[in-house]
Amino acid sequence: MNGHMTIGEIQAGLRSREFSAKELATKALSHAESVNEETNAYLLFSHARALEQAELVDLQIAEGKEPGPLAGVPVAVKDVILTKGVRTTCGSKILERFVPPYDATAVTRLESAGGVIIGKTNCDEFAMGSSNENSAFGPVRNPVALDRVPGGSSGGSAAVVAQGTACVSLGSDTGGSIRQPASFCGVVGVTPTYGRVSRYGLVAFASSLDHIGPFAHNVRDAATLLRVIAGHDALDSTSAAAPVPDYLAALDGNVRGVKLGVPKEYFKDATGETAGLVERAIEVLRLEGAEIHEISLPSTDYAVDTYYVLSTAEASSNLARYDGVRYTTRSPHSDTLSDMYRNTRGENFGAEVKRRIMLGTYVLSHGYYDAYYLKAQKVRALITRDFTDAFRSVDAILAPVSPFPAFKLGEKVNDPMQMYLSDIYTVTGSLAGIPCMSVPCGLTTDGLPVGLQILCNHFDESRMFRIADAFERIVK
Amino acid sequence: MKITEKEVRYVADLANLKLSELEIAQVAHNLDEILAHMDRLGEINTDGVEPMAQVLYDAPETATLRDDVPRPPLGNDAALANAPLAGAGYFKVPRVIER
C-alpha cells in the first residue's frame, strides 16, 4: 500500500476502480514483509486470510453491494487478540504454537465491515510492559528512531501504522498500552470506555482493566474503526448495552466554549520539552475558543501503586491456565502433574511475566490481602471519584501521555520500578474506565513525537474525538 | 526488608512457578523495591470508601442479561486441538496416583 493512505482514500480508490482490494492487499503484504526486518513489528503475515477477504470485498463491489466502512482497508491486529486458524502467541514462548479455535468479536466485526487483516503484531509478553522489550520474539524498534523503543505493550500495532505498513490496527490497553506507544510513534491511539468494545477473544491480562482499541494516522480513521468494533456483545458480560453513536458526525472542528480541565498533578514529573509541547497544544485549543480551567486530581500520585497491585493480582489468576495441559506447550522434564505445572511455567514465561505473577500472588496471599489488594481497590474508587468530580465542571481533561518521549532500547530494562513509574499519566484513566486517547502534538528537538492525552467521561467518545479532530485540523 | 527469599519460595510455590536460585534472588530484590513503593498506599485515607472491583456506570440492572438460548459449543476436537497431549477425547497428563 502507498505509505500513509487513509480509509477515505482507500474507499475512493476502490470506488473509482483505481485499484482492487486484492491488489491493495497484495501490495500491502509485500511492502510490510519487505520492511519488517527494520522494526520487527509483525510476528506473522496472514496471506491466505487477507487475500480471501480482499476477494470477497471485490466481489461485493462488483455485485454493486455496499462492502462496509472498512472495505479493503489493510488492518494489523495485536497478537493478544484471537484470530481463528491464525497463530496467536501473546508474544510468549508458552503460546508459540497456539492456533485459536475462534475469532475475537472485534476481529469478526472488522472483517464484517470489509477490513482486511494482513498480520499479527508483536507486543510485550501477555501485554505486560511499557517498551515492547518483553516479547519472547525480540523487541520492536520505533520506526521514527530505530535505536528507541516504540512503547508498550502494543508497540507493534503503533509501529505498523507509523511505518505505513497497515492503514489502521487494533491494540489492547490495560494501563496505557495503546496511548503510550501511540504517543511514542506519533500516531493516534484510542482507549475506549471500559465495556465499549467486547473483550471476547482478547487474551485476559487484568479483566477489570483490559480494553481493545484502535490505532490510526488520524482521528477520523480511529473513530471509524472504533465505531465498527464497538457495541454490546452477548459473549462478554462486561460489555455495555449503550448504543454506539455516529462518531464521525461529531467531527465538526468546533471547540468553541468547550470546557477543558488541565490537572496540575500531570505536569509535575514531565520533562521540559514534553510539558512544553502539551502546554502549547492547550494554548492552541484556547485560541480556538475552548475555555481552559486548572483542576486537581489529588489521588493521581497513588495511581501507579494501585494499578500494579490490582493488575498483577488479576494477572496471577488469569495466567494460572497456562499449566501445560491445554495450551500447546508442556515441559518434557516432568514425572508428576505438579512438576509439570511448575516446570512448564518456569521454563516458558519470561522474566517480567514471572515477576508480575509473583507480585500478584503475594498481594492476594494470606496476611497481605487487606493491606495491598483491598486497599488498592479502595484507592481505585478514590481515583475514579476524582474524575467524576472533575467532569462536573469540565467537559474533557488534557494532559501529557507519558512524562518523556520514546527512550532508548535497553535504557530502563533493568529497573522494573522505573519502568512502572513511566505509566503514571495513563493508569489513572484505565483505573476509572473512562475513554482516553493520544493525539500527536509535535516533535521534540531530537525529532521524537509527543502525544496530547484527552480524557472524557464514560461513553463520551464523541466529544473526545471532536476535540482531537479539531486540534488535528489546526496543527496539520 | 519487605520480603525474604524464604517468602519468595513460598509465593512461587503458591503460583506453581519453578524459579532458579538466581531468579529467586532477583525476584526478592525487585519485589522488595516495588512493595516498599506500594506501601505508600497506607498513607491515603480510605475510611468509609467502598472497594471498587469493576468499572461502574449508569445502566439498567438487566442491561447485560441475555435470553437463555442454547448455542452450539466449541466441540471436543476444536477444544483439544491445542493440547500438548490428548487421546480418546481427553487431555492427557502425567500420572497423578502412585501405584
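Everything here concerns the structure above.
In short, a report on the structure. This structure is a prediction, so every number in the text was calculated from the model and none was measured.

**Some details on the overall build of chain B**
So, point 1. In terms of regular secondary structure, chain B is built from three helices and two strands.
So, point 2. When the helices and strands of chain B are read in sequence order from the N terminus, they spell out α-α-α-β-β.
So, point 3. At 23 Å, chain B has a C-alpha radius of gyration far larger than the 13 Å of a compact globule built from 99 residues.
So, point 4. Taken over the C-alpha atoms alone, chain B extends approximately 55 × 50 × 25 Å along its principal axes.
So, point 5. A buried classification covers 16% of the 99 residues belonging to chain B.

**Structural notes on the overall build of chain A**
So, point 1. For chain A, the count of helices and strands is 15 helices and 11 strands.
So, point 2. Computed over the C-alpha atoms, the radius of gyration of chain A is 21 Å, within 12% of the 23 Å expected from 2.2 N^0.38 for a compact globule of 476 residues.
So, point 3. Here the C-alpha coordinates of chain A stretch approximately 65 × 55 × 45 Å along the principal axes.

**Some words on the nonpolar core**
So, point 1. A:Val75, A:Ile81, A:Ile118, A:Val188, A:Ala396 and A:Ile454 are the most contacted members of the largest nonpolar core, which totals 158 residues.
So, point 2. The leading source of residues in this core is helix α9 (residues 303-318) of chain A, at eight residues.

**Describing helix α2 (residues 21-38) of chain B**
So, point 1. Between its first and last C-alpha atoms α2(B) spans 25 Å; for 18 residues at 1.5 Å apiece the expected length is 26 Å, and the two agree.
So, point 2. Residues of α2(B) that are buried include every one of B:Val27, B:Asn30, B:Leu31, B:Ile34, B:Leu35 and B:Met38, and no others. Across the axial projection of α2(B), the buried residues extend over an arc of 130°, all falling on one side. In α2(B), the exposed residues that point more than 90 degrees away from the buried face are B:Glu21 and B:Leu22.
So, point 3. Those residues of α2(B) hidden inside the fold are in contact with α9, α11 (351-364), α12 (369-393) and α13 (416-421) of chain A together with α1 (5-14) of chain B.

**Some thoughts on the packing of α1(B) against α2(B)**
Residues and elements named next belong to chain B.
So, point 1. Orientation of α1 relative to α2, taken along the N-to-C sense of each, is 105°, at an axis distance of 9 Å. In terms of orientation, α1 and α2 fall into the roughly perpendicular class. Here Glu-5, Val-8 and Arg-9 of α1 come into contact with α2, specifically with Ile-24, Ala-25, Val-27 and Ala-28.
So, point 2. Considering only residue class, the contact of α1 with α2 consists of five nonpolar, no polar and two charged.

**Section: the interface of chain A and chain B**
So, point 1. Contact with chain A, which involves 58 residues of that partner, is made by 43 residues of chain B.
So, point 2. Among the secondary structure elements, those contributing two or more residues to the side of chain A that touches chain B are α9, α10 (337-348), α11, α12 and α13 of chain A.
So, point 3. A per-class count over the side of chain A that touches chain B returns 27 nonpolar, 19 polar and 12 charged.

**A short note on the packing of α11(A) against α1(B)**
So, point 1. Packing of α11(A) against α1(B) brings their axes to within 9 Å, and their N-to-C directions diverge by 95°. As far as their axial angle goes, α1(B) and α11(A) are roughly perpendicular. Facing α11(A), whose interface residues are A:Met358, A:Thr361 and A:Tyr362, α1(B) presents B:Val11, B:Ala12 and B:Leu14.

**Some words on the sheet that holds strand β10 (residues 436-443) of chain A**
Residue and element names in this part refer to chain A.
So, point 1. The 11 strands are arranged β1-β3-β2-β4-β6-β5-β10-β11-β9-β7-β8 in an open sheet whose pairing can be described as mixed. A single partner strand is all that each edge strand has here, and the edge strands are β1 (42-45) and β8 (291-295). When the angles between neighbouring strand axes are averaged without regard to direction, this sheet yields 30°.
So, point 2. Two strands pair when backbone bridges link them, and strand β7 (residues 259-263) and strand β9 (residues 396-400) are joined in this way by two bridges, in the parallel orientation. The residue bridging Gly-261 from the neighbouring strand is Ile-397, located in β9.
So, point 3. Its contacts with the sheet put helix α2 (residues 21-39) on β1, β2 (74-78) and β3 (116-121), and the angle it makes with β3 is roughly 15°.

**With respect to the pairing of β9(A)**
Residue and element names in this part refer to chain A.
So, point 1. Counting buried positions along β9 yields five of five residues, so the element is predominantly enclosed.
So, point 2. Relative to strand β11 (residues 449-455), β9 runs antiparallel, the two being bridged by four bridges. Note on β11: the bridge partner recorded for Leu-398 is Ile-454.

**Side note on unusual backbone geometry**
All names here are of chain A.
So, point 1. Residue Ser-153 is reached from Gly-152 by a cis peptide bond, and omega for that bond is 10°.
So, point 2. Residue position: Ser-153 is located in the loop between β3 and α5 (155-163).
So, point 3. The phi dihedral of Phe-126 is positive, around 50°, even though this residue is not glycine.
So, point 4. Relative to the helices and strands, Phe-126 is located in the loop between β3 and α5.
So, point 5. Notably, Phe-459 is not glycine yet its phi reads approximately 65°, a positive angle.
So, point 6. Locating Phe-459 in the fold gives a position in the loop between β11 and α15 (461-475).

**Comments concerning the pairing of β10(A)**
Residues and elements named next belong to chain A.
So, point 1. Within β10, six of the eight residues are buried, which leaves the element mostly enclosed by the surrounding structure.
So, point 2. In this sheet, β10 lies alongside strand β5 (residues 188-191) in antiparallel orientation, the contact comprising three bridges. Bridge assignment links Val-190 to a residue of β10, and that residue is Met-437.
So, point 3. In this antiparallel pair of consecutive strands, β10 and β11, the connection spans five residues, and Gly-447 shows a positive phi of 80°.

**Some thoughts on the environment of A:Tyr307**
All names here are of chain A.
So, point 1. With respect to the element layout, Tyr-307 can be found in helix α9.
So, point 2. For Tyr-307, a count of 27 C-beta atoms within 10 Å gives the class buried.
So, point 3. Between the C-alpha atoms of Tyr-307 and Leu-382, which are 75 residues apart in sequence, the distance is 13 Å.
So, point 4. Sequence-distant contacts of Tyr-307, that is, excluding residues within four places in its chain, are made with Gly-175, Asp-423, Val-427, Ser-430 and Leu-431.

**A short note on α9(A)**
So, point 1. Counted at 1.5 Å a residue, the expected span for α9(A) with its 16 residues is 22 Å, and the 22 Å between its end C-alpha atoms agrees.
So, point 2. Most of α9(A) sits out of view: 14 of its 16 residues are buried.

Thresholds, definitions, all that
Residues numbered from 1 in each chain as written. Chains lettered and ligands numbered in written order. Predicted model: local features only at pLDDT ≥ 70, side-chain atom pairs only at ≥ 80, totals over all residues. Helix = DSSP H or I, 4+ residues; strand = E, 2+ residues; numbered from the N terminus. Rg over C-alpha atoms; globule rule 2.2 N^0.38 Å. Buried ≥ 20, exposed ≤ 12 C-beta atoms within 10 Å, placed from the backbone. Core = buried A, V, L, I, M, F, W, Y, C linked by C-beta atoms within 7 Å. Expected span 1.5 Å × (residues − 1). Arc of directions from axis to C-beta. Contact = placed C-beta atoms within 7 Å. Axes fitted to C-alpha atoms, helices over the stretch in contact; angles between N-to-C directions. Parallel < 35°, antiparallel > 145°, perpendicular 65-115°, else oblique. Nonpolar A, V, L, I, M, F, W, Y, C, P; charged D, E, K, R; others polar. Pairing = 2+ DSSP bridges.

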